[in-house]
Amino acid sequence: FLIFAAPQSSGYIFAWILLIYALQVDKRNRAVFYSYGALLITQFLALLYRDQLSSGPIINSVIKLSLIIIISQLMLQAKAGEERELQALQSSLEGELFERQRLLSLINSLGEAVIATDSKGKILLYNAAVLNLLDTNTSLENKPLDDYLHLRTKFGKKTKILSLITNNISGATSSDYTHEYSKNDVINLYINIAPIRLGFKENSGSGYIIILRDITKEKS
């Protein structure tokens with residue numbers, strides 16, 4: 001193939017581009033330069049074998065070699081750029097995961113139940129005290145807080161945390177709500193709602209930090 005097919009005026013010679021790309025993926029950069037050397041030697045031997053060491057065939061071979069090297073290098077640079085972007089993305093994700101774990105460690109060290117929600121009351125983050133307070137051991141992430149927090153006003157009227165959020169955009173604090181586990185199992189709650197920003201600039205969104213505390217004994 002190398003002696004009798006590749007040097008001909010056909011598209012077969014560009015199979016080197018695929019071989020070079022595949023070698024770089026599998027064997028890294030050193031193999032690419034070996035491939036360029038092998039291609040140069042093959043082209044020279046093919047011209048020598050055909051006794052075509054004249055200016056015309058040599059110029060054609062140089063043009064083909066130049067095209068192969070240029071196209072191969074462009075493809076390899078594009079691949080290298082993709083790898084750099086992937087590494088940067090991975091590094092960013094690892095950084096975010098580290099920050100999330102650090103934040104979880106921080107809020108888990110608090111005795112009070114702390115919940116971070118988006119603007120629609122969907123749970124983004126919470127600590128172990130929340131599971132204790134709501135008497136559940138299921139994962140709450142990405143679930144509506146109202147599915148687990150059954151609030152009633154001091155007059156016994158059912159209400160939703162989402163309505164408290166939307167009606168108190170700047171935040172709110174109250175000790176006048178209760179959480180109902182069942183009909184005869186109720187606790188008094190202290191609730192603090194504070195708005196936060198999630199992200200920056202065009203990627204920013206709104207959310208809330210909600211602190212809950214059982215104040216049944218204090219009320220009694």
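Just so we're clear, the structure is a prediction, and the values are computed from it rather than from any experiment.

Chemist: Tell me about the overall build of the protein, residues and numbers included.
Modeler: Secondary structure assignment for the protein yields 6 helices and 7 strands. From first element to last, N terminus to C terminus, the protein shows the α and β order α-α-α-β-β-α-β-β-α-β-β-β-α. Within the span of the protein, comprising 220 residues, buried residues form 31% of the whole. Of the roughly 14,300 Å² of accessible surface on the protein, 58% is carried by carbon and sulfur atoms.

Chemist: Quick rundown of the pattern of salt bridges? Include the residues and the values.
Modeler: For the coordinates displayed, the defined rule picks out 5 salt bridges. We note a salt bridge from Arg213 to Glu112, for which the minimum N-O separation is 2.3 Å. One end of the pair, Arg213, is in strand β7 (residues 205-214); the other, Glu112, is in the loop between α3 (55-108) and β1 (113-118), and 101 residues separate them in sequence. Classification of Glu112 by relative accessible area gives partly exposed; the value is 29%.

Chemist: Could you give an account of unusual backbone geometry, naming the residues involved and the relevant values?
Modeler: With phi around 55°, Asp135 is a residue other than glycine that occupies positive phi space. Assessed through its relative accessible area of 64%, Asp135 is described here as exposed.

Chemist: Provide a residue-level description of the packing of aromatic side chains, including the pertinent values.
Modeler: All chains considered together, the criterion is met by 1 aromatic pair. On the basis of an interplanar angle of 80° and a centroid distance of 6.2 Å, the ring pair of Phe33 and Tyr36 is categorised as edge-to-face. You can see Phe33 and its partner Tyr36 sitting in helix α2 (residues 29-49), 3 residues apart, about one turn around the helix. Overall, the relative accessible area of 57% leaves Phe33 in the exposed class. Cation over ring: Arg213 sits above Tyr190, and NZ or CZ is 4.5 Å from the ring centre.

Chemist: Describe the side chain of Asn192, and please don't skip the residues or the numbers.
Modeler: In this structure, Asn192 sits in strand β6 (residues 185-198). At 2.8 Å, the side chain of Asn192 and the side chain of Thr173 are in polar contact. If we skip the residues at most four places from it in the chain, Asn192 touches Ala172, Thr173, Ile209, Ile210 and Ile211.

Chemist: An account of the packing of α2 against α3 is needed here, citing residue identities and associated values.
Modeler: In a packed pair of helices, the relevant descriptors are the angle between the two axes and the axis-to-axis distance. Two elements in contact, α2 and α3, have axes separated by 11 Å at closest approach and are oriented at 165°. One finds that α2 runs roughly antiparallel with respect to α3. For the crossing formed where α2 meets α3, the hand is right-handed. Contact with α2, carried on its side by Val32, Tyr36, Leu39, Leu40, Gln43 and Leu47, involves Pro57, Ile58, Ser61, Leu65, Ile68, Ile69, Ser72, Gln73 and Leu76 of α3 and no other residues of that element. Residues belonging to the contact of α2 with α3 are distributed by class as follows: 11 nonpolar, 4 polar and no charged.

Chemist: Summarise α2; cite the residues concerned and give the values.
Modeler: Compared with the 30 Å implied by 1.5 Å per residue over 21 residues, the 31 Å span of α2 between its first and last C-alpha is a close match. Residues Ala31, Val32, Ser35, Tyr36, Leu39, Thr42, Gln43, Ala46 and Leu47 constitute the buried set of α2. An end-on view of α2 places all buried positions within 150° of arc, on one side of the element. Away from its buried face by more than 90 degrees, α2 exposes Arg30, Phe33, Tyr34, Leu40, Ile41 and Tyr49.

Chemist: Requested: an account of the side chain of Lys79, with residues and values cited.
Modeler: Within the secondary structure layout, Lys79 lies in helix α3. Lys79 gets classed as buried once you look at its relative accessible area, which sits at 11%. Engagement of the side chain of Lys79 in a polar contact is seen with the side chain of Glu83, the distance being 2.5 Å. For Lys79, the contacting residues outside a window of four places in its chain are Tyr21, Gln24, Val25 and Arg28.

Chemist: Can you tell me about the pairing of strand β2 (residues 123-126), naming the residues and giving the values?
Modeler: Bridge count between β1 and β2: 3 bridges; the pairing is antiparallel. Bridge pairing in β2 links Thr117 to Ile123. Following β1, the chain reverses through 4 residues before pairing antiparallel with β2; Gly121 in that reversal takes a positive phi of roughly 80°.

The rules we used
- Residues numbered from 1 in each chain as written.
- Predicted model: local features only at pLDDT ≥ 70, side-chain atom pairs only at ≥ 80, totals over all residues.
- Heavy atoms only, no water.
- Helix = DSSP H or I, 4+ residues; strand = E, 2+ residues; numbered from the N terminus.
- Buried < 20%, exposed > 50% of the residue type's maximum accessible area, 1.4 Å probe, protein only.
- Areas by Shrake-Rupley, 256 points an atom, 1.4 Å probe, with all protein chains shown as cover.
- Salt bridge = Lys/Arg side-chain N within 4 Å of Asp/Glu carboxyl O.
- Phe/Tyr/Trp six-rings, centres within 6.5 Å; stacked < 30°, edge-to-face > 60°.
- Lys NZ or Arg CZ within 6 Å of the ring centre and 35° of its normal.
- Polar contact = N/O pair within 3.5 Å; in protein donor to acceptor, adjacent residues only side chain to side chain.
- Contact = heavy atoms within 4.5 Å.
- Axes fitted to C-alpha atoms, helices over the stretch in contact; angles between N-to-C directions.
- Parallel < 35°, antiparallel > 145°, perpendicular 65-115°, else oblique.
- Left-handed = near helix turned anticlockwise from the far one by under 90°.
- Nonpolar A, V, L, I, M, F, W, Y, C, P; charged D, E, K, R; others polar.
- Expected span 1.5 Å × (residues − 1).
- Arc of directions from axis to C-beta.
- Pairing = 2+ DSSP bridges.

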